[in-house]
Amino acid sequence: MLLIPCPYCGPREETEFSYGGEAHIERPKQPEALGDEAWADYLFMTGNTKGVFLERWVHSHGCRRWFNAARDTLTNEVLAVYEMGGKPPKLEKRSYV
Amino acid sequence: MKSRYSIFSLLRNALSYHEGWPEAWRSPEPKPSYDVVIVGGGGHGLATAYYLAKEHGITNVAVIERGWLGGGNTGRNTTIVRSNYLWDESAHLYEHSLKLWEGLTRELNYNVMFSQRGVMNLAHSQHDLRELGRRIAANRLNGVDSEFLTPRQVKQFCPIIDLREGGRYPVLGASLQRRGGTARHDAIAWGYARAADALGVDIIQECPVEGFRIEKGRVRAVETAKGTIEAGKVALAVAGHSSVLAELAGFRLPIVCHPLQALVSEPVKPVIDCVVMSNAVHAYISQSDKGDLVIGAGVDRYIGYSQRGGLPVTEETLAAICELFPLFRRMRMMRCWGGTVDTCPDASPIVSKTPVEGMYINGGWGTGGFKSTPGSGWVYAHTIAHDEPHPLNAAFKLDRFTTGYLIDEHGAAAVAH
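Residues numbered from 1 in each chain as written. Chains lettered and ligands numbered in written order. Predicted model: local features only at pLDDT ≥ 70, side-chain atom pairs only at ≥ 80, totals over all residues. Heavy atoms only, no water.

Peer 1: Is there a simple way to think about the overall build of chain B in this case?
Peer 2: What chain B contains, in helices and strands, is 11 helices and 18 strands. Counting only contacts in chain B whose residues sit at least 6 apart along the sequence, the fraction spanning at least 24 positions is 75%. Measuring between centres, the 43 positive side-chain charges of chain B sit 4 Å from its 42 negative side-chain charges. (Helix = DSSP H or I, 4+ residues; strand = E, 2+ residues; numbered from the N terminus. Contact = heavy atoms within 4.5 Å. Lys, Arg positive; Asp, Glu negative; His and termini not counted. Charge placed at Lys NZ, Arg CZ, Asp CG, Glu CD.)

Structure, rendered in structure tokens:
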């Protein structure tokens, strides 16, 4: 089980949280100008990094606030948490093949 | 030519204390170049190699595997085989696979222990019941055997299930595919490997891919830990790592990876002679020939490559199993493990050409890749040999996410994701 450090409540068990998928996906500014390929890219081609991944969590059974986390998807280490809308922290790139 | 496995070869080798069995496949060093390089030595990759050689006469083929054969999801699943999918495209693909399963032991001269013991899907609510009814009707229209069982018939088919009034998960009915069942997970990898090797395919283990050489949009070679291997065509069959290898090749996939867990109990005498699945409460169970209960759990919701999952997930599954089968409450679980499953947004696979010329992708099977192994290899071999998909997998193209022609199988996929 993951131990997730909520930036507002401190470290809590994974069961208190819900997952929100990849972070920093921007809604298209001009949706009506988007072609099919760009729509597919926005809707379906999500990140699936093996390594450090920026993702969103919500502390559903706690403070109920959303936040971003940087987690290594291979080792499950949560390397950093930061507020929604914040810039991701500078982290050493990890990549595995 | 390899010697055939038979009762006579068994007796002959018994006389020499089983010390004289030949190796089932060679372990050659890679040649500098091949017509087709298949990346991934799981069931799907090996089946693809076998059908390329057998159906299409392409034998200058290498299967390269980073670890050992069948060490990924092929060796980690719960071995259930069925074809009762909702939509025409999926039903035809999985049914083709099931038909191949039915003759596979004989064809490969390798006992894949395919046991058509029946797969029962339970309905716990009125909604489940309607969905099940719809799926049974759709299956029958597609020539897939499927029947409805009343609670009484469920009890007859699987007597150990608890159907007393007032249970937490009342059973209102079930669908039954009698031709469904289980098979031996390792045997499918080993059987295809042996048969492909006999047709001249080189199987190269412990050979991770480090990159691809792509010139003018066409793949030319695969860079591996054992050197560069030139390739006319490159076929990826690396479920659990599809996105990682696609990134090396410079394109993106609509796939996310989740940990999926399974567990087995201590071995006991035969107690359950069918497969019982409940999508709603996330429990599925069967008994292996060795006697242990094989139990599949749900996915962890987050993206993960760790090949292990969280205990809350297995706890939820075991709670449901104990509720449906109170007699298992004192069973001890021996082992639990996790695999990394590729999931697509529509819970259907991708067997397709890619934006890179000469490169193909087979992945995104989600939580249901094992059952499809023979069919997947068969259509993938066709796709590679003809550079065109077979009608059976034509709909499972990568560009369905652009055209919007999705094949939503969330209802028929056993595990929600």
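Peer 1: Explain the overall build of chain A here, please?
Peer 2: For chain A, the count of helices and strands is 1 helix and 6 strands. Secondary structure of chain A in N-to-C order comes out as β-β-β-α-β-β-β. Considered along the principal axes of its C-alpha atoms, chain A spans approximately 45 × 35 × 25 Å. The burial tally for chain A puts 36% of its 97 residues in the buried class. Taking all contacts inside chain A whose residues are at least 6 apart in sequence as the whole, residues at least 24 apart take part in 47%. Carbon together with sulfur atoms contributes 49% to the accessible area of chain A, which is approximately 5800 Å² in total. Within chain A, one finds 12 positive and 14 negative side-chain charges whose respective centroids are separated by 5 Å. (Buried < 20%, exposed > 50% of the residue type's maximum accessible area, 1.4 Å probe, protein only. Areas by Shrake-Rupley, 256 points an atom, 1.4 Å probe, with all protein chains shown as cover.)

Peer 1: Can you walk me through the sheet that holds strand β6 (residues 78-83) of chain A in this structure?
Peer 2: The strands that make up a sheet pair up through hydrogen bonds in the backbone, lying either parallel or antiparallel. Residue and element names in this part refer to chain A. Here we have 4 strands laid out as an open sheet, ordered β3-β4-β5-β6, and antiparallel in their pairing. This sheet does not close on itself; its edge strands, each paired only once, are β3 (18-22) and β6. The sheet shows a mean angle of 30° between the axes of neighbouring strands, taken without regard to direction. Relative to β6, strand β5 (residues 66-72) runs antiparallel, the two sharing 5 bridges. Residue pairing in the sheet places Ala 70 in a bridge with Ala 80 of β6. (Pairing = 2+ DSSP bridges. Axes fitted to C-alpha atoms, helices over the stretch in contact; angles between N-to-C directions.)

Peer 1: I would appreciate a short explanation of the pattern of salt bridges in the present structure.
Peer 2: Side chains bearing opposite charge may pair, as long as their charged atoms lie close to each other. Applying the stated criterion across every chain yields a total of 27 salt bridges over all chains. Notably, a salt bridge pairs Glu 16 of chain A with Arg 12 of chain A, separated by 3.3 Å at the nearest N-O pair. The partly exposed category is assigned to Arg 12 of chain A, whose relative accessible area is 30%. Across the salt bridge formed by Asp 197 of chain B and Arg 26 of chain B, the nearest N and O atoms sit 3.1 Å from each other. In this pair, Asp 197 of chain B is assigned in helix α7 (residues 185-198) and Arg 26 of chain B in the loop between α1 (7-15) and β1 (33-39), connecting sequence segments 171 residues apart. Residue classification places Asp 197 of chain B among the buried residues on the basis of a relative accessible area of 5%. Here the residues in one salt-bridge network are Glu 95, Lys 99, Glu 102, Asp 145 and Arg 179 of chain B, joined through shared partners. (Salt bridge = Lys/Arg side-chain N within 4 Å of Asp/Glu carboxyl O.)

Peer 1: Whenever I open this one, the environment of Asn 48 of chain A confuses me. Can you help?
Peer 2: Locating Asn 48 of chain A in the fold gives a position in the loop between α1 (36-43) and β4 (52-58). Judged by relative accessible area, which is 6%, Asn 48 of chain A ranks as buried. Taking the C-alpha atoms as reference, Asn 48 of chain A lies 13 Å from Ala 70 of chain A; in sequence the two are 22 residues apart. Leave out the neighbours within four places in its chain, and Asn 48 of chain A touches Phe 53 of chain A together with Ser 243, Ile 255, Val 256, Cys 257, Ile 303 and Tyr 305 of chain B.

Peer 1: Please explain the pairing of strand β18 (residues 359-363) of chain B as it appears in this structure.
Peer 2: The side chains of a regular strand alternate between both faces of the sheet. Residue and element names in this part refer to chain B. Counting buried positions over the 5 residues of β18 gives 5, a clear majority of the element. Of the two faces of β18, both are covered, the one formed by Met 359, Ile 361 and Gly 363 as well as the one formed by Tyr 360 and Asn 362. Bridging between strand β17 (residues 350-353) and β18 involves 4 bridges; their strand directions are antiparallel. The partner of Lys 353 across the bridge, within β18, is Tyr 360.

Peer 1: Just to check I follow, could you spell out helix α10 (residues 373-386) of chain B for this structure?
Peer 2: Along an α-helix, residues three or four positions apart point the same way, because every turn accommodates 3.6 residues. All names here are of chain B. With 14 residues, α10 should cover 20 Å at 1.5 Å per step; its first-to-last C-alpha distance of 20 Å lies within 8% of that length. When you tally the buried positions in α10, you get 12 out of 14 residues, the bulk of the element. Residues of α10 that are buried: Thr 373, Pro 374, Gly 375, Ser 376, Gly 377, Trp 378, Val 379, Tyr 380, Ala 381, His 382, Thr 383 and Ile 384. Asp 387, located one to two residues past α10, shows a positive phi value of around 55°. (Expected span 1.5 Å × (residues − 1).)

Peer 1: When you look at the confidence of the model for chain B in this model, what are you seeing that I'm missing?
Peer 2: Should pLDDT be low for a region, the predicted coordinates there are not to be read in detail. Here chain B averages 95 in pLDDT, and 99% of its residues register 70 or above. ipTM for the predicted complex: 0.94, alongside a pTM of 0.95. (pLDDT = per-residue confidence, 0-100.)

Peer 1: What exactly am I supposed to notice about unusual backbone geometry here?
Peer 2: Negative phi is the rule for most residues except glycine; trans is the rule for most peptide bonds. Of note, Asn 76 of chain A is a non-glycine position whose phi angle comes to about 65°, a positive value. With respect to the helices and strands, the residue Asn 76 of chain A is situated in the loop between β5 and β6.

Peer 1: Whenever I open this one, the interface of chain A and chain B confuses me. Can you help?
Peer 2: Frequently, the measure chosen for interface size is the accessible area removed from exposure when the parts meet. Each side of the interface is counted separately: chain A has 24 residues, and chain B has 25 residues. In total, chain A and chain B occlude about 2100 Å² of area from one another, counting both sides; carbon and sulfur atoms represent 59% of this. Looking at the side of chain A facing chain B, the largest losses of area belong to Phe 44, Asn 48 and Val 97 of chain A, adding up to 32% of the total buried there. Put simply, Arg 252 of chain B and Asp 41 of chain A hold a salt bridge, and the shortest N to O gap is 3.8 Å. (Buried area = accessible area lost by both parts, 1.4 Å probe.)

Peer 1: Looking at this structure, I do not really get the sheet that holds strand β13 (residues 275-278) of chain B. What am I missing?
Peer 2: Residues and elements named next belong to chain B. Reading across from one edge, β5-β6-β4-β13-β14-β15-β12-β16 is the order of the 8 strands in this open sheet, with mixed pairing throughout. What marks the edges here is a single partner per strand, and that holds for β5 (147-149) and β16 (333-343). Along the sheet, successive strands turn relative to each other by an average axial angle of 20°, direction set aside. In terms of strand pairing, strand β4 (residues 119-123) meets strand β6 (residues 173-177) through 5 bridges, oriented antiparallel. Residue pairing for β6: Met 120 is matched across the bridge by Leu 176.

Peer 1: Sorry if this is basic, but what is going on with the side chain of Gln 177 of chain B here?
Peer 2: All names here are of chain B. With respect to the helices, strands and loops of the structure, Gln 177 is situated in strand β6. Side-chain polar atoms of Gln 177 contact the backbone nitrogen of Asn 84, separated by 3.4 Å. When residues no more than four places from it in sequence are discounted, the contact partners of Gln 177 are Arg 82, Ser 83, Asn 84, Glu 95, Leu 98, Gly 118, Val 119, Val 144 and Asp 145. (Polar contact = N/O pair within 3.5 Å; in protein donor to acceptor, adjacent residues only side chain to side chain.)

Peer 1: Any chance you could explain helix α2 (residues 43-56) of chain B here in plain terms?
Peer 2: All names here are of chain B. Over its 14 residues, α2 runs 19 Å from end to end, which matches the ideal 20 Å to within 8%, given 1.5 Å per residue. The buried count for α2 comes to 11 of 14 residues, which makes it a mostly enclosed element. Among all positions in α2, only Gly 43, His 44, Gly 45, Leu 46, Ala 47, Thr 48, Ala 49, Tyr 50, Tyr 51, Leu 52 and Ala 53 are buried. Remark: Gly 57 follows α2 within two positions and exhibits a positive phi of approximately 65°.

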